[in-house]
Amino acid sequence: MELFENKENCEIGAGDCLPQFKKIVLQELRTDSLEEFGPNLKLLPSNDQVRELQTILRDRNTTRSDFKFYADRLIRLVIEESLNQLPFSKCTITTPTGAQYNGLRYERGNCGVSIVRSGEAMEQGLRDCCRSIRIGKILVESDAETHEARVVYARFPEDIATRKVLLMYPIMSTGNTVIKAVNVLKEHNVSEENIILSNLFCTPFAAKAIVQTFPQMTILTSELHHVAPNHFGQKYFGTD
């Protein structure tokens, strides 16, 4: 984060900042092969629209109202793609004209779990797509002295062990919070392969940590980048 802050405070021509700025440019130009993260790490298909949304959310000059508007747009795209990871079953329905149509429908038994507080920003996007879906919550806090993450609150549907779980957390820098949350889900007998992590921004470090710890869990993110926009929660909820 120090490197990121220094970049933001640099002005063109500020000689003291040039070495750090060059280092950041090299990091941004370096691409990480998805193969090293395994088949369960998936990226939201990128296009100009997605790239613009990511840029707006990273821009320190973005107003809070714009930030929330564009964050909700990106969240919706990530949630939609996350739903594509859920199991479907084939079905045949009858149209209003009496024709038969062979289609698909979600298999029953899905739920969402948000990691408080920033994960709550993704709840409405999920409800907009699945209006009756049940959503649980996990609160993970860092100890003031040891800085170790610990779970202080968890509430889930009673039958969560039988459900597919969309775990929502927008920003991952180290992966520690998500690892703690997934361990709680596993303590409630949720299988790794039944967890889909929905994420907006993830560092390669966090991705590796999570993949190595939970190789059977699916991770969907919009971007892998060495600098995560850790201001997301404060900006979204207006507490910055």
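Scope of this entry: the structure provided in the associated data block. Here the structure is a predicted model, which is why all the values come from computation and not from measurement.

Rules and cut-offs
- Residues numbered from 1 in each chain as written.
- Predicted model: local features only at pLDDT ≥ 70, side-chain atom pairs only at ≥ 80, totals over all residues.
- Heavy atoms only, no water.
- Pairing = 2+ DSSP bridges.
- Helix = DSSP H or I, 4+ residues; strand = E, 2+ residues; numbered from the N terminus.
- Buried < 20%, exposed > 50% of the residue type's maximum accessible area, 1.4 Å probe, protein only.
- 1 Å grid on protein atoms, 1.4 Å probe; cavity = no way out; pocket = protein on both sides within 12 Å on 5 of 7 lines; lining within 4 Å.
- Points joined across faces, edges and corners; volume = space filled by probe spheres on them.
- Nonpolar A, V, L, I, M, F, W, Y, C, P; charged D, E, K, R; others polar.

Moving on: the sheet that holds strand 12 (residues 223-224). The sheet built from three strands is open, its strands ordered 8-10-12 with parallel pairing. Because the sheet does not close on itself, it has two edges, and the strands there are strand 8 (171-172) and strand 12. Of the pairings in the sheet, the one linking strand 10 (residues 201-202) to strand 12 comprises two bridges and is parallel in character. The partner of F201 across the bridge, within strand 12, is E223.

The next subject is unusual backbone geometry. V116 connects to R117 through a cis peptide bond whose omega is 10 degrees. Secondary-structure assignment places R117 in the loop between strand 4 (110-116) and helix 5 (123-129). Positive phi, normally seen in glycine, also occurs at N189, with a value near 70 degrees. Owing to a relative accessible area of 57%, N189 belongs among the exposed residues under this scheme.

Looking now at the layout of surface pockets. Size it by volume and the second largest pocket reaches roughly 490 Å³. Around the second largest pocket, the lining comprises 24 residues; the ones closest to its centre are S118, Y169, I171, T177 and N230. Its residues assigned to classes, the lining of the second largest pocket shows ten nonpolar, twelve polar and two charged.

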